[in-house]
Amino acid sequence: METKSRFEFIDITAQVERVVAEKQVDSGLCVVYVSHTTAAVTINENADPSVPSDISRKMEDIVPLRNGYDHMEGNSAAHIKSTLVGCSEIVPIEKGRLYLGTWQAIFFCEFDGPRRRQFGVKVISG
Amino acid sequence: METKSRFEFIDITAQVERVVAEKQVDSGLCVVYVSHTTAAVTINENADPSVPSDISRKMEDIVPLRNGYDHMEGNSAAHIKSTLVGCSEIVPIEKGRLYLGTWQAIFFCEFDGPRRRQFGVKVISG
Amino acid sequence: METKSRFEFIDITAQVERVVAEKQVDSGLCVVYVSHTTAAVTINENADPSVPSDISRKMEDIVPLRNGYDHMEGNSAAHIKSTLVGCSEIVPIEKGRLYLGTWQAIFFCEFDGPRRRQFGVKVISG
């Protein structure tokens, strides 16, 4: 996918659920991961769009874009946010579906866009 | 369970161990997860109760309750902490038991209590 | 292993890959975990050594060593960083190898060294 701005939280729950449905695994684990070092995956509320935007804004507050970093590419803040949020989430699968709470959605977190990005979904039965 | 205050770290290791013992899985993975978006799960020291209280207090320092957030419900700080700490932990199972270090305990992290809360335990053999 | 300074990010990707290769699992999950409460595991860029050093330095900025903590041992900052970064990472295994992006490496994060440390690798087929 193509992200559109520097910071962006994209709800990918429906895409992950589609993969899980295709795998026809009744019970197991689903791992959602990114192979990028300036992005992340998180689970949080999607009902009110101000939740992901508050998270994104506060992350920028905690880890400002410019802060005397050494990394030449100038995107150290994005790397740090990636480590703080984490590049994967694990969700149990019950009765063939992701076991998520009413308000939980899976978000791809862009910290250094716009870029071409991808995420992976791994399903394990058990 | 019922949490009692706004911020609370509750040691749930014994309850998780009970589920693992019941499953009689010799080797595998145990995922502990919460389906809430204003709570989290972490692994840290439980020997000295000042460790979880220092963590909780510092989290409040990094992500203050009021900070010009947009989310109408007024609990954005709890959502942000949930993303920073994460809503699940994964622990290997060896010889039928959680493979935890001497000082490691699993904590349910309440960031927006008091509330009725629950956590899940998923055990995979392998 | 023996860490050498108080803060240190050690690239352990090659060691983890060796364990995965030995297990001869074609498809599955690999969990890398530490059983310590003042260390962590993260995935980030290893091409430019200033990336892990910027992360380590910013973590020190967010969670200073001395900050009025209660914990008697004086290493609360390390415990807090461990909770923020997390004590495990999960990586999918595809075609017998860790599925990591071009720039991704697995780092052991020392927050309270120098100490004798260890990490574990758990491989699940599926």
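Calculation criteria
- Residues numbered from 1 in each chain as written.
- Chains lettered and ligands numbered in written order.
- Predicted model: local features only at pLDDT ≥ 70, side-chain atom pairs only at ≥ 80, totals over all residues.
- Heavy atoms only, no water.
- Phe/Tyr/Trp six-rings, centres within 6.5 Å; stacked < 30°, edge-to-face > 60°.
- Helix = DSSP H or I, 4+ residues; strand = E, 2+ residues; numbered from the N terminus.
- Buried < 20%, exposed > 50% of the residue type's maximum accessible area, 1.4 Å probe, protein only.
- Contact = heavy atoms within 4.5 Å.
- Least-squares fit on C-alpha atoms with pLDDT ≥ 70 in both.
- Pairing = 2+ DSSP bridges.
- Axes fitted to C-alpha atoms, helices over the stretch in contact; angles between N-to-C directions.

Engineer: What am I meant to see in the packing of aromatic side chains here?
Structural biologist: Using the criterion set out here, one finds nine aromatic pairs over all chains in the structure. Ring geometry for A:Y99 versus B:Y33: centroids 5.6 Å apart, planes at 75 degrees, classification edge-to-face. Of the two residues, A:Y99 sits in the loop between β5 (97-98) and β6 (104-110) while B:Y33 sits in strand β2 (residues 28-34), which places them in two different chains. A residue is classified by how much of its surface remains accessible, and A:Y99, at 36% relative accessible area, is partly exposed. Through successive ring pairs, a cluster of aromatic residues spans A:F9, A:F107 and A:F111.

Engineer: How should the environment of B:V121 be read in this particular structure?
Structural biologist: Residues and elements named next belong to chain B. Checked against the element boundaries, V121 lands in strand β7 (residues 119-125). Separated by 90 residues in sequence, V121 and V31 place their C-alpha atoms 5.7 Å apart. Once you skip the residues sitting within four places of it in the chain, V121 turns out to touch V16, V19, C30, V31 and Y33.

Engineer: I keep staring at the relation of the copies chain B and chain C and nothing clicks. Help me out?
Structural biologist: Each copy of the chain is related to the other by a rotation around an axis and a translation along that axis. Under the fitted operation, chain B is carried onto chain C by 0.0 Å of movement along the axis and a turn of 120 degrees, and the coordinates agree to an RMSD of 0.0 Å. What the superposition gives is, in effect, a three-fold axis relating one chain to the other. For chain B, the smallest separation between a C-alpha atom and the rotation axis is recorded for B:L84, amounting to 3.5 Å. Of the interface residues in chain B, just 10% have counterparts in chain C that sit at the interface too, so the contact is made through distinct surfaces.

Engineer: Help me understand the sheet that holds strand β3 (residues 39-45) of chain B in this model?
Structural biologist: Sheet strands associate in pairs through backbone hydrogen bonding, adopting either a parallel or an antiparallel arrangement. Residue and element names in this part refer to chain B. Taken together, the three strands give an open sheet; going across it, the order is β1-β6-β3, and neighbouring strands pair in antiparallel fashion. Each of the sheet's edge strands pairs with one partner strand only, and the pair in question is β1 (8-11) and β3. Each neighbouring strand pair of the sheet contributes to a mean axis angle of 35 degrees, computed without reference to strand direction. Sheet topology places β3 next to strand β6 (residues 104-110); seven bridges connect them, and they run antiparallel.

Engineer: Just to check I follow, could you spell out helix α3 (residues 76-85) of chain C for this structure?
Structural biologist: All names here are of chain C. The buried fraction of α3 is high, at ten of ten residues. Taken residue by residue, α3 has S76, A77, A78, H79, I80, K81, S82, T83, L84 and V85 as its buried positions. In the stretch just after α3, G86 is the one whose phi turns positive, near 100 degrees.

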